[in-house]
Amino acid sequence: MKKCFDITRLLCLSVLLSVFCFSSVLAAPAGEAPALRVALLLEDAAPDQGWNDLLRQGLEQARKELGVRTAVVVAPPQGSNGLTQEGIFRAAARQADLVLLSGARLHEILRNNAANFRQTKFGCIDTGIRAANIMCVTFADEQAAFLAGALLSQLHRHGLRPARRTRAAGDELTPGWLAGEDDPQLKSMLNGFVEGVRLESPGARVINGVAGSYSSPEKGRAKAEELLGLDINALAVLAGRAGLGAVEAAIAQGRPLVGVDKDQQFLAPKLMLTSIVKRADRAVFEIVKATAQGAFAGNEIITYDLANGGVDIVSPQVWARHAGVRLPAAIERRLAELRLELTRGGIRLPSLRDRTLCNCR
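Every chain is numbered on its own, with residues counted from 1 as its sequence reads. In view of the model being predicted, local features appear only for residues whose pLDDT reaches at least 70, and side-chain atom pairs are presented and counted only at 80 or more, with totals across whole chains, interfaces and linings using the full set of residues. To get the side-chain values, take all heavy atoms of the structure and skip hydrogens and water.

**Thoughts on the overall build of the protein chain**
- The helix count covers DSSP runs of H or I at least four residues long, the strand count covers runs of E at least two residues long, and both are numbered beginning at the N terminus. Each helix and strand in the protein chain was counted, giving eleven helices and 14 strands.
- Whether a residue is buried, partly exposed or exposed follows from its accessible area with a 1.4 Å probe, protein chains only, as a fraction of its type maximum: under 20%, in between, or over 50%, in that order. In the protein chain, buried positions account for 54% of the 361 residues.
- Only heavy atoms enter the contact rule, under which two residues are in contact if any of them lie within 4.5 Å. Considering only intrachain contacts with a sequence separation of at least 6, the fraction spanning at least 24 residues in the protein chain is 70%.
- A total of about 15,300 Å² of accessible surface is found on the protein chain, and carbon and sulfur atoms cover 48% of it. Using a 1.4 Å probe, accessible areas were evaluated by the Shrake-Rupley method; residue-level cover was limited to the displayed protein chains.

Have a look at this one:
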């Protein structure tokens, strides 16, 4: 009889919004090694067309290609049915061989609890925590954000301004930036974005806003409408599922957008100028693969950057084809130059991330 890969009966019935089920008999057939049990913790399991979907894709790839047993475990910030977020984390850590997680709150819980589960391995995505049982993948996403900002400056400079300005406010570039929450990762990306914008538009002003949620499209829409009311040229949206509401608000007003995490052109084909890509799917797959093959890299923090293809931006030619716009060759040439300077170290961007949350012993 098939049962869920049990994080506890309560979690299977009430907390797991999306679960791949396992046999309750974890022992493999005679002569075969037991399958690796992998749990992915998410604060919000609803599709977000971005980060969470990428994490799931990486997990599904691992399930298909590596033969591991997988479960998606929902650990909402407010807990569920009397279980705290930390309680859900602990339940997963007791049952799984490898627990994958992302998000500032879950990172903090991992930092405080890793030493209590020395036999469990953890995959920490988007920040660094040094411990023998933690393998981390973080991102030099400020590099990709820099390119996105520089692209906006180039488009503005060449007169490609699909947004209608609503008041006489001069001709300066004024992009908007909408984050889900005030995280160190997004502060670092914002800094890179601002540097890119100002590289060739020194007088530009980036207007920053925070939705206060990654999961509420209503909050994302409300904050986006506030920023759009400030007559911004384009809106960069980095707010998870809350960002879907922000995108809808921008589409309603015909304002250009910058997406995040994966190519989000499909959300607004004629308005999505580019997307800041972060290969969270690859991070999940590589951590699971390393664990399954006995190459788990504890105490290490692996950085995905432009040089290794872990971050980048979507070519503006994708937007240009959808919008029926002829993109000047000079824009792609300039982006190529900047990409080369970033990878060679000619342009250095300070990371505002937490370098390492702790050395957990």
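Continuing now.
**Examining the pattern of salt bridges**
- One speaks of a salt bridge when a side-chain nitrogen belonging to Lys or Arg is within 4 Å of a carboxyl oxygen belonging to Asp or Glu. Scanning the model with the defined rule gives 17 salt bridges in all.
- Ionic pairing is found between Arg105 and Glu43, a salt bridge with its closest N-O pair at 3.0 Å. Of this pair, Arg105 sits in helix H4 (residues 104-113) while Glu43 sits in the loop between strand E3 (37-42) and helix H2 (51-66), placing them 62 residues apart in sequence.
- A relative accessible area of 34% means that Arg105 is categorised as partly exposed.
- Among the salt bridges present, the one from Arg63 reaches Glu60, with a minimum N-O distance of 2.7 Å.

**Considerations on the sheet that holds strand E11 (residues 257-261)**
- Spatial strand order, E9-E8-E10-E11-E12-E14: six strands in an open sheet with mixed pairing. Pairing within the sheet leaves two strands with one partner each, and these edge strands are strand E9 (207-210) and strand E14 (311-313). Pairwise comparison of adjacent strand axes, ignoring direction, gives a mean angle of 15° for this sheet.
- When DSSP finds two or more bridges between two strands, those strands count as paired. Summarising the sheet, strand E12 (residues 272-278) and E14 pair through three bridges and their orientation is antiparallel. Directly across from Ile276, in E14, lies its bridge partner Ile313.
- On the sheet, helix H8 (residues 242-252) packs against strand E8 (176-179), strand E10 (235-238) and E11 and is oriented at approximately 160° with respect to E11. Note on method: axes are straight lines fitted to C-alpha atoms, helices fitted across the in-contact stretch only, with angles between N-to-C directions ranging 0 to 180 degrees.

**Considerations on the packing of aromatic side chains**
- Paired rings are identified among Phe, Tyr and Trp, the last through its six-membered ring, by centres lying within 6.5 Å, and are further divided according to the angle between planes into stacked (under 30 degrees), edge-to-face (over 60) and tilted (the rest). All chains considered together, the criterion is met by five aromatic pairs.
- Centroid distance Trp51 to Phe139: 5.8 Å. Interplanar angle 70°. Geometry classified as edge-to-face. Of this pair, Trp51 sits in helix H2 while Phe139 sits in strand E7 (residues 134-139); the two residues are 88 residues apart in sequence, bridging distant segments of the chain.
- Note on Trp51: relative accessible area 13%, which makes it buried.
- Classification of Phe139 as buried rests on a relative accessible area of 2%.
- In textbook terms, an aromatic cluster arises when at least three aromatic residues are bridged by ring pairs, as seen for Trp51, Phe139 and Tyr304.
- Two thresholds decide whether a charge sits over a ring: the Lys NZ or Arg CZ must be within 6 Å of the ring centre and within 35 degrees of the ring normal. Over the ring of Phe139 we find Lys278, and its NZ or CZ is 5.1 Å from the ring centre.
- The ring of Tyr304 is capped by Arg282, whose NZ or CZ atom sits 4.4 Å from the centre of that ring.

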